[in-house]
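The lines below spell out each chain.
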Amino acid sequence: MPSYPCSAPGCRFTGKDQRALSKHRSACKFRLPGITEALKKRAREDEDERETRKRLRMERDNAAEVEVEVPVQLAAPPATTRSGRRPRIPKRLVDYVPHTKEDLPTHLADAFPDPLPEPTPSRYTSPTVEDVEDEDVWRTPPDSFGLYREYYGTPPQRDPEATASLSSVCDAPTLEKQDPSHADSESTGPCGIPAYKTIFWLTRNSAVGVHEQPAQSDGGNQGSAGFGPFDNASQFRLYDWHYNASLTKSMDDFDNLIDVLLSRGFSVEHLRNFRAQMAQEKMDDYVHPKGVFSAEDGWIESSVEIPLPKTKARHASEAAAPTFQVRGVYHRRLTAVIRGAAEDERFADRYHWVPHKLFWVPPVNPRATRTPTSEVPPPSTQPTSSAPSESSSPQPDIPRPIRVYTDTYNSNAMLREAEELRKKPRNPADSEDVEYAIASVLLWSDSTHLTSFGSAALWPIYLYLGNLSKYIRGMPTEFAAHHLAYIPSLPDDFKDFYTQVYGSPPSADVQTFCKRELMQQIWLLLLDDEFMDAYENGILVTCGDGVVRRIFPRIFTYSADYPEKILLTALKPLSTHPCPRCLVTHDELCEAGTPNDMQRRTTRRLDTPKLRRDILRARKLVFKKGCALSSKRLKKYLDSGSLNPIQSAFSARFARFGVNFYDLFVPDLMHEFELGVWKGTFTHLLRLLAAQGDHALQEFNRRMREMPTYGRDKIRKFWRDVSTRKKLAARDYEDFLICFIPAFEGLLPQRDNQTVMDLLFELANWHALAKLRLHTDVSVGIFRAATGHMTEAMRDFARTTCERYETRELAKEVDARVRRAEKSGADAPDRNSKVVHFNVLNTYKYHSLPDYPDSVEEIGPLDNANTQVGELEHRHVKRFYARTNKINYAIQIAKHQRRAALLRALRQHDDYVPRRERLRMERAARLKESGSTSNELSSQDSDRRPDSPLPLTNPHDHHAISQTRRLCLRLHNWLAEHDRDPAAKNFIPLLRAHLLARMLKPTPADTHAAFSDRLLDGVEIQDDRIYRHKTLRVNYTTYNMRRDQDVIKPSKHPDIMVLADDYTTPDAHPFWYARVIDIFHADVRYTGPGATRSMQKWRRMEFLWVRWFEVDEDVPCGFQERQLPRLRFIDTTDSDKDPFGFLDPREVLRGAYIVPAFVHGTTNTLLPPSKLARCSTDQDEDFEYYYACLFVDRDMYMRYLGGGIGHRETGVSVTTSQQHALRRRPLGAEEDHAEPPSGTLTRTTSPDPEDSAVSDGSASHAVQQLPADDLDEGDAAEMLDEDDEDDADELEEDEPEVDDPDVDEPDRLEEDEYEDGDDAEDDWDHEGLEDAFAAGLQAGLPELELEDEWGGDTDEPPDFVYAVEGFAPL
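Definitions and limits used
- Residues numbered from 1 in each chain as written.
- Predicted model: local features only at pLDDT ≥ 70, side-chain atom pairs only at ≥ 80, totals over all residues.
- Heavy atoms only, no water.
- Pairing = 2+ DSSP bridges.
- Helix = DSSP H or I, 4+ residues; strand = E, 2+ residues; numbered from the N terminus.
- Core = buried A, V, L, I, M, F, W, Y, C linked by side-chain atoms within 4.5 Å.
- Buried < 20%, exposed > 50% of the residue type's maximum accessible area, 1.4 Å probe, protein only.
- Contact = heavy atoms within 4.5 Å.
- pLDDT = per-residue confidence, 0-100.
- Salt bridge = Lys/Arg side-chain N within 4 Å of Asp/Glu carboxyl O.
- Disulfide = S-S within 2.5 Å.
- Phe/Tyr/Trp six-rings, centres within 6.5 Å; stacked < 30°, edge-to-face > 60°.
- Lys NZ or Arg CZ within 6 Å of the ring centre and 35° of its normal.
- Patch = residues over 30% accessible without salt bridge, like charges linked within 9 Å, V, L, I, M, F, W, Y side chains within 5 Å.
- Areas by Shrake-Rupley, 256 points an atom, 1.4 Å probe, with all protein chains shown as cover.
- Axes fitted to C-alpha atoms, helices over the stretch in contact; angles between N-to-C directions.
- Parallel < 35°, antiparallel > 145°, perpendicular 65-115°, else oblique.
- Left-handed = near helix turned anticlockwise from the far one by under 90°.
- Nonpolar A, V, L, I, M, F, W, Y, C, P; charged D, E, K, R; others polar.

Here we look at the sheet that holds strand β22 (residues 1043-1048)
- The strand order across the open sheet formed by three strands is β17-β21-β22, and the pairing between neighbours is antiparallel. Looking at which strands have only one partner, the edges of the open sheet turn out to be β17 (959-960) and β22.
- Judged from the two bridges that link them, β17 and strand β21 (residues 1032-1037) form a sheet pairing that is antiparallel. By the bridge assignment, A960 is partnered in β21 with R1033.

Some points on the nonpolar core
- Counting 114 residues, the largest nonpolar core has W678, F700, F744, M794 and Y1073 as the members making the most contacts within it.
- Apart from the residues lying within four places of it in its own chain, the contact partners of F744 are L685, L689, F700, R703, N753, V756, M757 and L760.
- Ranked by size, the runner-up nonpolar core spans 84 residues in total, among them I472, L567, L634 and Y844.

Some thoughts on the confidence of the model for the protein chain
- Per-chain confidence: the protein chain averages 76 in pLDDT, with 73% of residues scoring 70 or above.
- In this model, residues 180-225 is a region of pLDDT below 50 whose contacts with residues beyond four sequence positions or in other chains number 116 contacts.
- In the model, residues 1236-1370 has pLDDT below 50 throughout and makes 319 contacts with residues more than four positions away in sequence or in other chains.

So, the pattern of salt bridges
- Taken as a whole and judged by the stated rule, the model has 67 salt bridges.
- A salt bridge links D735 to R731, with the shortest nitrogen-to-oxygen separation between them at 3.2 Å. One end of the pair is D735 and the other is R731, both in helix α21 (residues 730-744) and four residues apart, which spans about a single turn.
- Given the relative accessible area of 4%, D735 is considered buried.
- Residue R731 is classed as partly exposed on the basis of its relative accessible area of 29%.
- A cluster of three or more residues bridged by salt bridges with shared partners is formed by K714, D1046, R1150, D1193, D1195 and R1199.

Examining the state of the cysteines
- Inspection of the entire model under this criterion finds zero disulfides.
- No disulfide involves C6; its sulfur sits 3.8 Å from that of C11, the nearest cysteine.

Quick notes on the packing of aromatic side chains
- Taken as a whole, this structure holds 56 aromatic pairs when the rule is applied.
- Relative to Y733, the ring of F682 lies with its centre 5.8 Å away and its plane at 85°, an arrangement referred to as edge-to-face. Taken as a pair, F682 in helix α19 (residues 669-692) and Y733 in helix α21 lie far apart in primary sequence, 51 residues in all. No difference in accessibility class separates F682 from Y733, as the two residues are buried.
- Through successive ring pairs, a cluster of aromatic residues spans W523, F531, Y535, Y558, F650, F654, F657 and F665.
- Positioned over the ring face of Y1027 is R965, at 5.0 Å from the centre of the ring.
- Over the ring of Y471 we find R1042, and its NZ or CZ is 4.0 Å from the ring centre.

Observations concerning a nonpolar patch on the surface
- A surface patch of nonpolar side chains, about 400 Å² in accessible area, is lined by F254, I258, L261 and L262.
- Its location among the elements puts F254 in helix α6 (residues 251-261).

What to know about the sheet that holds strand β6 (residues 323-331)
- Sheet architecture is open: seven strands sit in the order β5-β6-β13-β12-β9-β15-β14, paired in mixed fashion. Looking at the sheet topology across the chains shown, the edges are occupied by β5 (300-307) and β14 (539-542). Put simply, the sheet's adjacent strands are angled 35° from each other on average, direction ignored.
- Note that strand β9 (residues 435-445) and strand β12 (residues 460-465) share five bridges and pair antiparallel. Opposite L443, over in β12, you have L463 as the bridge partner.
- Seen against the sheet, helix α8 (residues 334-343) touches β9, β12, β13 (482-486), β14 and β15 (548-559) and runs at an angle of roughly 30° to β14.

Some remarks on the packing of helix α20 (residues 694-705) against α21
- Contact geometry of α20 with α21 gives a least axis separation of 10 Å together with a crossing angle of 125°. Here α20 is positioned oblique relative to α21, judged by the angle of their axes. By crossing handedness, the relation of α20 to α21 is classed as right-handed. Side by side, α20 and α21 meet where F700, R703 and M704 of the first sit next to F736, C739, F740, P742, A743 and F744 of the second.
- Its residues assigned to classes, the contact of α20 with α21 shows eight nonpolar, no polar and one charged.

Digging into the environment of I1077
- Along the chain, I1077 turns up in strand β24 (residues 1071-1086).
- Relative accessible area serves as the criterion here: at 11%, I1077 is assigned to the buried category.
- Filtering out sequence-adjacent residues up to four positions away, I1077 remains in contact with P1050, W1105, V1106, R1107, F1140, L1172 and A1173.

The following block contains the structure:
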């Protein structure tokens, strides 16, 4: 008789038949461990199989190995069952097909011949000279946004985007951010690229593992070594608390101290003989092992010598002339700073050492299929298919890739330097795995006042590495700025020394010369031999990510205001050629943006050998011949380029490398536009209002005070009269520009009102483009076109409106002029208001604006070089100044800066979390727990308690509403209380129709479908209760692929925007607008006809009760019309439209900035008195019209312009955005194009067409200017020496241009104060401008046709030239 023993190890059971054995096996206790082990073994095998397939798939997609050719055989059709179903083979029986020889078993691999050798080296090799002519292009797979990178030569050894997570691109503080320590090492980066530490998967060598990780660095040891100079954790924590606490101790600081004393590991015994002075001395003597402020990096005190010239004093040579030694130059060595930053582990895996090109493949017909807003993925998504190769033929339905500019490391300048580096031969001492990299050096310098009162000032030089993302280096809290040097001024004993040497005090020219020479000598000290050797040969650095690189430093930008640019370039300020980048004359500044001007810009300033020889000859005349610094013999060599007898340090160091140092000084948006062009225009607009009478200025101030706020701090409340505010910062002027159109509309006569409205629109449009943090080739082309529109609007404004009024100084301008006069010692200054002309067009700041689009392509978006970044860093030195004894504070600030940096590095080795950080994490956890456990129904009918605070929002979610049920409304009782309120009319039918549409169609395209009463009766609301909420948070992906959030509150910021369902043509408006009356949720189910089982279950549904706006179609709006979208509330008496309705929060795109159209006044006819639909402050009235503001922030602007990468299906298409570069109508009022302006204007025509052709549309409108020869060198020197007030709260007002020749020049001169007294009458050829604009537009926007700029029946616009007698025409 056969037996059936149990096969489980250790089991002795034997069954008499198979049935008994099967019954036993189902309950056998010995079988479970075996099953568990078998499952684990199978799981391991499956994991190995997945990893192998993943590796081979990536090799097959990205590598180009030469393999054995075998005949291609067609695969047999898959087998099917009789029913047609395809059978599935068990996973353990699926056959694995090897793709390479290495995947075959050993006994089979020998049967195949070896493949041909790879064309690229094994593992990694930096390119050599021979590789450049036929270099490879490496592409990353495109992400869900369609972005991919291209590397040339060889890719970097470490992917700088690998460690980026969704948390790293969250900008709103209320978004939940993941702890980096818990991030998945194999998640996806923000661009959809697999977040591997290495990107060797891009290379062709399959022998390199995909999951290779960098060597783990020794993060420092614990104990005394882990706390640097401190003996134990107790001493370190106490000193760290002292250094990071506020300067004025608060109760919170006291609680933090107690927490430190009670922390685990803290012992009072460790503090015996521990003193603050001793701790400070230890910090100063401590040398960090590597990184910032290591043994090679530290503050050095040096001195420089300045040669002293004297008229008629001859010397054998310049070296033989007496010199003055300037001490107290505190600086760090450039190479040590760069080396320390590269070795620092804090941002080691975020540096882009190898530049790349970034491309974007736009979505195909993004509005063809409506994608719900809630389904738009956040920036962190999975990668899609690989980018098309060079050899692959493009498919006709795939858009052409568009170049993207985001930062310095994908700009043309860095790519060009990388190409030059690849042409250089490698250092023979370097191994093959040494990566050649470029350190992108970005420099800032600006003088700053350290106190509100007194003369304490500091002139720091900051260094940033452009290899690090601007979203990191631009945050002061990340401490990514490296303080390079503190520039001293000429000491007080300089005059005494000069008098002792020459027997007479120095003249104003000599003092100016020495101040300029001091700056150049300091930079010669910084650009030492060690740095120049590194510039040429590189420095070998083991970076913080473990990769050995030979780093070549390159200076790409130097950001400074205009006086400092002139000082650094050794040019004469306010001279004949005031621009540091081109040779435009002062009389030609007002022609910015015209074809003639664009042609002149091609003649750049060049650091030629002839220029350097002329400067040396001039210096020989000064020191060897004793010529005066203002002599005509010097002007013979220098005046052609408005040069000074000063040799630039950048020219002396970089000329032999072919570097044109003038290109380093890039445009500065903050000083040149926000505090320059726009500030001057804003001030003159206020003068125009004052010329209308006090009522106009008062009405403007009232409108600005009533302007609504937006966001957390984007548009703040204007509490005081704008026209009287002083010490305004750049961000204040930016807010004024955003809100100015509705506030200024209608305050001037209609003829001038249209001119000013067009001007304000073009200024706001240009400023929005300049502020973008991400540009594409399309947006750069639009930027160029917008620059032409803006400069034309400025000239039209100056030519027409400005000449019709006699404008005088404002009251605050009179006070400022009187203070300057009293400070200079003038007797009885005139306190009467004087005539002031509009002089913005005759400034360098206005002239520089057309350079901005080219700068985007050259150095990346303009925020890379904006001086605003340096201004924010000034906060740190001001904070350190408060800790000094105010005597010789420069070296003390330097030491404090070093201590703060070292403490940040040492803090990483302490496991103690400060109390303030713990409280923040505990508060977030508490909110998250309370938000997720409050789902139960409240027992009360209503609850007057406040809404519970929202927890931090998950950035993956589209929106967040509190889970609380405290504010409960019994629906019928609540409606009975407001039965006479017109907003409550049809509340329940509209609500049921909305909820039913959502339940029947989860993503409805139309929620206004008509349902029968039978269907509507099937919608049930549990217990007849709805629950009110006070806040809605809407998450959205911005145009630059970051995650941000808008907070919607019915009582504050209630306006929202959604995608328009009827947006099918480019002429249609893409958005609908609504005002949120209330936020609700309810438990709902559907039990009517056709109800499924899931519909009959109670589920939470959130909905918004809104009041709809409608777009006024009688007024064309948009970019082509230079008109903001005009809205109005839907009339309640209109039976064809629903003024109120309900909206799914998932359909909300983001919050809208809806501002009143004040000029049209208010009305109460659209809606009877309603307490539900209006706030108590509205006084039962609505404004007749409103405007949807396009320019409130960058993302909002891109939603209207189109082409936003992060918007995907929710944005305007690229094709439509290109049309927004065009204009359909001419500037200003129609009568200005038909007759000359009123007053003393006369019409002048061109007698000869050839004479008109000479002008070529230059439109040279000269303004009364101060001739360059009238500028005193001493006054100009005072301008350069004066500490520039940069603090956001203490910016001085610009001095006006007064029409009074008897007034002495002020001590502090601004570049835009000067006028030229010579008038010019040039012909104005609009046709030539139109042709040039079309050429420039088509260069950036392919396949566009220029529409008629002027319209009408005439082919050409009127060709007028206006000559003004008695005024200063432009």
